[in-house]
Amino acid sequence: MALLVFSSPAWADCDAKVSGHVTDAASGDPVAGARVEVGAASAVSTDDGLFVVRGVCPGPAELHVHHLEYAGFSRAVEVPADHVDIALTVDECAVVVEAPAFSDRDPHARTTVEGEALERSRGQDLGEVLSTVPGVTLLRTSGDATRPMVRGQYGRRLLILFDGMRHESQKWGADHAPEVDPFSADAISVVRGAAGVRYGPDAIGGVILVDPPPLRRDAGVGGRVDVVGVSNGGRGIGAFRLDGSDGHGLGVRIEGDLAKGSSLSAPDYVLGNTASQTLNGAVTLGWTRDGLELEAGFRHHAFDAGICYCVRASSPDELRAALEAGTPPNAALWKTDRTIDRPRQEVTHDLLYAKAKAYVGIGTLEATFNTQLNHRQELEQVRDTVEGPQYDFTLRTHTLDVGLLHDSVHLGSLATLEGTVGGVAQLQDNLFEGLPLVPNHRAASAGAYVAERLSLGHTLVEAGARVDHQHRDTYLTDEAFFRHVGRGTLDADTCTDTGVARRCPGDWSAATVTLGGIWHDAQERVELRLDLSSASRFPNGDELFLNGAAPTQPVYGLGDPGLRTETTWGAAPTLGVHLPGVRGEISAYGNWIDDYIAFGPVLGPDGTPAVDVTVRGSFPRYAFTQTNAVFAGLEGQVEVEATRWVTASLTGAMVRAAERGTGAYLPLVPADRASLTVRVNPPHLGTFDGASVGASVDAVARQDRWDAGTDLGPPPDGYVLLGASASLPVDLDTEHLRFGVEVANLLNARVRSYTSLLRYFADDPGREIRVRAGMDF
Amino acid sequence: MRPWIPALIVLVACKGVTEPPPEGNDEEVITTVELTIDNGTPFVWEDLELDGNPTVDPVTVSIGSHAVSVRFLNGLEDPPEDITEEVEIEATQHQVFWEVPAGFTWTTGDQDANGLPLGLTGTLEAPDVASGDLTVTLRHMPEEGGEPVKVAGLAEVAATDGIDALPGDTDVRVTFAISVEE
């Protein structure tokens, strides 16, 4: 979390401080970006709602708090003062925004889904929750799961942080959804653009920050319960969170949720075998005393889902035949069914962590250790004599993360320097059983970074640098080793024979930098941001050593053990406007990716596509190669308060991607899209204050920029979908009740989206009515 | 679903990355296809390295009618595992499709328990001197949602719309060069 302090000149005898916490009076959530003034000194609250005003003269003083969305707040304080808790109430006249357009003082384009917007998405998975954020596209897998794409990047080019910890999962599979529980979050932020310095490797397209609410600090017990029913697939979802505290620094949280659904339905047929079940559970313990904060937790996620019978990818011809058929051949046989049949995925993810945070004289030191175990089993349709999974992968990761957020340094009368230095060490093992796809490996990585921010009144400048290194030993079976040597993809001398396996070592390094700035006018009506950042990622095991039938694509895939580190260089200006009744943000970006790792067809000596003959037929040969690519685009959101009651929100995004030099289009780049939402919020309903109804139109163009050489079928047509929603909060004395209904694809239109793995085989799921009820207590 | 406590134990009791993966018998590998014609020495299509680079015996037959059978083997096992037996046991979910060069005719000689063609054996009628490609496809068609998808008339579907119009998945699709000698 970024801490940022604006401070006035520190007078010789005015060196006291006032610190505390700003929260939303209604929800209790932390409020970021509130300006807290004490005398001539001031500070802005962080993402956690924390503020520290330094350079204050001791004695009685008046404290004022300003925030654009909240009513002003004043109280008397006796300086110095700690633990000043400030609860702000929403300013009725302020524009209510779905997701705050203004960043938390980050030069990146950044959107946070929280509060009412997050409530409306309850019961959806991470990809669906974020699909309303400009620049984010939903990638639908071949079952009941989605994954987010940011600026056309997903999987290994997108980093997910859960509570500040890197989510380490098997990103290499196109249909591997992130194992993250949106119920655990009270804010999910999308940082768009390369962000390697602050977040580490893989932050090529951006970073998704999933942040749980802080542990309870007041004595007592509270929590929430949510129940959601979804028409399509007959899904039922139940979730709870219980928070308790002794009021003396001890906080405990127990939470969990279970979702169970049967097969989804497209408008004209059931998508056979798309039933799923998701289970999440977590325990968190926290302890705070005398400036020391300790926290430990354990989380378990289990996901069991069928893969649509309609996915038939035995050969390129079969895929084309499925595309031409329009309706899947056996669709008439498929029923809405809770049974999860083969083919299916069974995935578990466990996270065990401990955190410590303390003030150490020069700043705040934070250390986190976490262990993650990601276990994935893929069960194919096989003869009855074969039991168990055909693919079985375990990814074990241990990460130590240490960072020091140093005290702000006042440079002269106007400038304040703030920053973080830190280091990360990680050990990761990949193990497989069954059919080989990604070989066993052990990777040891280390990174070190420094990032500093200079505040100059209305201007903020950020600069940082980071280095990372990874050593990876890959352990190949003899069969895999000789297959590579025979193909000429591996030099036999680079590996050593350990007696039981062939150890093939490799080293990769990355250096990333960031330079950014924010400027806003005195009234904070216009904000300009510029982000110049780079990010890197190291090649994955499959990119290095794949040799055989590729997953989810009917091709014969070949890895390349000689792949180098991939690096993106990004430039992104963002303009934010915050006028009475109008609020908006627009970002442009260009990402130049050097050594972009692409998976594409290989040409034979005569210039025609190379073909490999396997026992299951002839497959085009695809290989991982490195090229240079460029991704560029625009995305934005404008919210207009038409009247006191009615707000309209327009979002849009476009991405252009091509190989540099040849201009060849890259696959799976989202088509241009725009979305209009109109919401009516009648004011002053007393107990029902905050009720709203809304309607939306989503329009998606056809992706005309595609290359027949890298995509096996033409993109589907563009489409327009209608949606509707209503929410009704009920404030009782001690409880807060929330009711809502959301309808997606209201007219049950038949569509196929370009960023869906189902699109070659079947239509997207049809109309979905989601009814939710929740209670805070 | 994995219970929580075993998951915790796995965190502690680690398997080794440096060792070869345990022998899995959950795989379903076919490396070898054997064509036997008139009880002669089989013609073999084999890719023991699974590297997309098979060895294929050219098939030669004389003019006239021949009894043909096919076997599917996993040659990575010692002795080789005969997958044909599993196909016979689950005959109602399998069918072998034969594509023969122009002038040849194929007649399937066996049936499953439902009276539908199986295709592990049959009769190949060779015309005058000719040559071309003989393609053998083993299609696995497991039930979907409890309903059988192997139904009557699939050989005709394959002949008119191609193999890819069939339900299920391709387990084997190999091509032999066949020629007729006098």
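None of the values given here were measured: they were computed from a predicted structure.

*Asks:* How should the overall build of chain B be read in this particular structure?
*Replies:* Check the secondary structure of chain B and you find 3 helices and 11 strands. Across chain B, helices and strands are ordered from the amino to the carboxyl terminus as α-β-β-β-β-β-β-α-β-β-β-β-α-β. Expressed as a percentage of its 182 residues, the buried residues of chain B come to 43%. Contacts spanning at least 24 positions in sequence make up 67% of the contacts within chain B whose residues lie at least 6 apart. For chain B, the exposed surface amounts to about 8,700 Å²; the carbon and sulfur share of it is 50%.

*Asks:* Would you mind showing me how to read the overall build of chain A here?
*Replies:* Looking only at helices and strands, chain A has 6 helices and 40 strands in total. Relative to the 2.2 N^0.38 estimate, which gives 28 Å for 777 residues, the radius of gyration of chain A is 26 Å and therefore close to what a compact globule would have. Overall, chain A is about 85 × 60 × 50 Å in size when its C-alpha atoms are taken along their principal axes. Taken over 777 residues, chain A has a buried fraction of 58%. Nonlocal contacts in chain A, meaning residues at least 24 apart in sequence, comprise 67% of its contacts between residues at least 6 apart. Accessible surface for chain A amounts to roughly 29,100 Å². Of this, 60% is attributable to carbon and sulfur atoms.

*Asks:* Any chance you could explain helix 5 (residues 478-487) of chain A here in plain terms?
*Replies:* Count 3.6 residues to each turn of an α-helix, and residues three or four apart come out pointing the same way. All names here are of chain A. Along helix 5, the residues classified as buried are Ala480, Phe481, Arg483 and His484. Here the buried residues of helix 5 occupy an arc of 165 degrees about the axis, which is enough to place them on one side. Counted as exposed and oriented over 90 degrees from the buried face of helix 5: Glu479 and Gly486. Just beyond helix 5, the residue with positive phi is glycine 488, at close to 80 degrees.

*Asks:* Help me out: how do you make sense of the interface of chain A and chain B in this one?
*Replies:* One widely used convention gives an interface's size as the accessible area the parts lose upon coming together. Each side of the interface is counted separately: chain A has 61 residues, and chain B has 56 residues. A per-residue breakdown of the area chain A buries against chain B is headed by A:Gln381, A:Arg383 and A:Val615, which together make up 17% of the total. Counting across the interface, chain A meets chain B through 3 salt bridges. One salt bridge connects A:Arg383 with B:Glu86, and the closest N-O pair in it is separated by 3.6 Å. The interface formed by chain A and chain B includes 15 residue pairs in polar contact (both at pLDDT 80 or more). The greatest single-element share of the side of chain A that touches chain B, amounting to 6 residues, is contributed by strand 23 (residues 415-434) of chain A. For the side of chain A that touches chain B, the class distribution of residues is 22 nonpolar, 21 polar and 18 charged.

*Asks:* Help me understand the state of the cysteines in this model?
*Replies:* Linking two cysteines covalently through their sulfur atoms gives a disulfide. Residue and element names in this part refer to chain A. Following the criterion strictly, the structure yields 2 disulfides over all chains and no others. Between the sulfur of cysteine 308 and that of cysteine 310 lies a disulfide, 2.2 Å long from S to S. The disulfide joining cysteine 308 to cysteine 310 has a torsion of about 135 degrees about its S-S bond and is therefore right-handed. Accessibility assignment for this pair places cysteine 308 and cysteine 310 in one class, buried. Covalent S-S linkage joins cysteine 495 and cysteine 504, the inter-sulfur distance amounting to 2.1 Å. Across the S-S bond of cysteine 495 and cysteine 504 the torsion is about 110 degrees, and the bridge reads as right-handed. According to the relative accessible area criterion, cysteine 504 is buried, its value standing at 4%.

*Asks:* What exactly am I supposed to notice about the sheet that holds strand 10 (residues 131-140) of chain B here?
*Replies:* Strand pairing in a sheet relies on backbone hydrogen bonds. The paired strands run either parallel or antiparallel. All names here are of chain B. Across the sheet, 4 strands lie side by side as 4-11-10-7; this open sheet has mixed pairing. Lying at the two open borders of the sheet, with one neighbouring strand each, are strand 4 (59-62) and strand 7 (94-99). Ignoring which end each strand starts from, the neighbouring axes of this sheet average 30 degrees apart. When strand 4 meets strand 11 (residues 169-181), the two strands line up parallel, connected through 4 bridges. Note on strand 11: the bridge partner recorded for valine 59 is isoleucine 178.

*Asks:* Any chance you could explain the sheet that holds strand 4 (residues 50-56) of chain A here in plain terms?
*Replies:* Residue and element names in this part refer to chain A. Spatially, the 3 strands line up as an open sheet ordered 4-1-7, and their pairing is mixed. A strand with exactly one partner marks an edge of an open sheet, and here the two such strands are strand 4 and strand 7 (81-88). The average undirected angle you get between the axes of adjacent strands in this sheet is 25 degrees. Pairing analysis gives 5 bridges linking strand 1 (residues 16-24) to strand 4, with the strands arranged antiparallel. The partner of histidine 21 across the bridge, within strand 4, is leucine 50.

*Asks:* Which parts of the structure should I look at to understand the pattern of salt bridges?
*Replies:* Once the charged atoms of two side chains with opposite charge are near each other, the side chains can pair. Residues and elements named next belong to chain A. A complete count under the given rule lists 63 salt bridges over all chains for this structure. Between arginine 198 and aspartate 106 there is a salt bridge, and its shortest N-O distance comes to 3.5 Å. Within this pair, whereas arginine 198 is found in helix 3 (residues 196-199), its partner aspartate 106 is found in the loop between strand 7 and strand 8 (109-114), the two being separated by 92 residues in sequence. Overall, arginine 198 belongs to the partly exposed group, its relative accessible area being 23%. Across the pair arginine 235 and glutamate 768 runs a salt bridge, and its minimum N-O distance is 3.4 Å. With arginine 235 in strand 16 (residues 235-245) and glutamate 768 in strand 40 (residues 768-776), this pair connects stretches of sequence that are 533 residues apart. Taking the relative accessible area as the measure of exposure, glutamate 768 reaches 14% and is therefore buried.

*Asks:* Can you help me understand the side chain of A:Asn374 in this one?
*Replies:* Note on placement: A:Asn374 falls in strand 21 (residues 363-379). At 2.9 Å, the side chain of A:Asn374 and the side chain of A:His349 are in polar contact.

*Asks:* For this particular structure, what's the right way to read the confidence of the model for chain A?
*Replies:* Any segment with low pLDDT has predicted coordinates that should not be analysed in fine detail. Per-residue confidence for chain A averages 89 on the pLDDT scale, and 96% of its residues sit at or above 70. Here residues 93-103 of chain A is modelled with pLDDT under 50, and outside its nearest four sequence neighbours on either side it reaches 37 contacts, counting other chains as well.

About the thresholds
Residues numbered from 1 in each chain as written. Chains lettered and ligands numbered in written order. Predicted model: local features only at pLDDT ≥ 70, side-chain atom pairs only at ≥ 80, totals over all residues. Heavy atoms only, no water. Helix = DSSP H or I, 4+ residues; strand = E, 2+ residues; numbered from the N terminus. Buried < 20%, exposed > 50% of the residue type's maximum accessible area, 1.4 Å probe, protein only. Contact = heavy atoms within 4.5 Å. Areas by Shrake-Rupley, 256 points an atom, 1.4 Å probe, with all protein chains shown as cover. Rg over C-alpha atoms; globule rule 2.2 N^0.38 Å. Arc of directions from axis to C-beta. Buried area = accessible area lost by both parts, 1.4 Å probe. Salt bridge = Lys/Arg side-chain N within 4 Å of Asp/Glu carboxyl O. Polar contact = N/O pair within 3.5 Å; in protein donor to acceptor, adjacent residues only side chain to side chain. Nonpolar A, V, L, I, M, F, W, Y, C, P; charged D, E, K, R; others polar. Disulfide = S-S within 2.5 Å. Pairing = 2+ DSSP bridges. Axes fitted to C-alpha atoms, helices over the stretch in contact; angles between N-to-C directions. pLDDT = per-residue confidence, 0-100.

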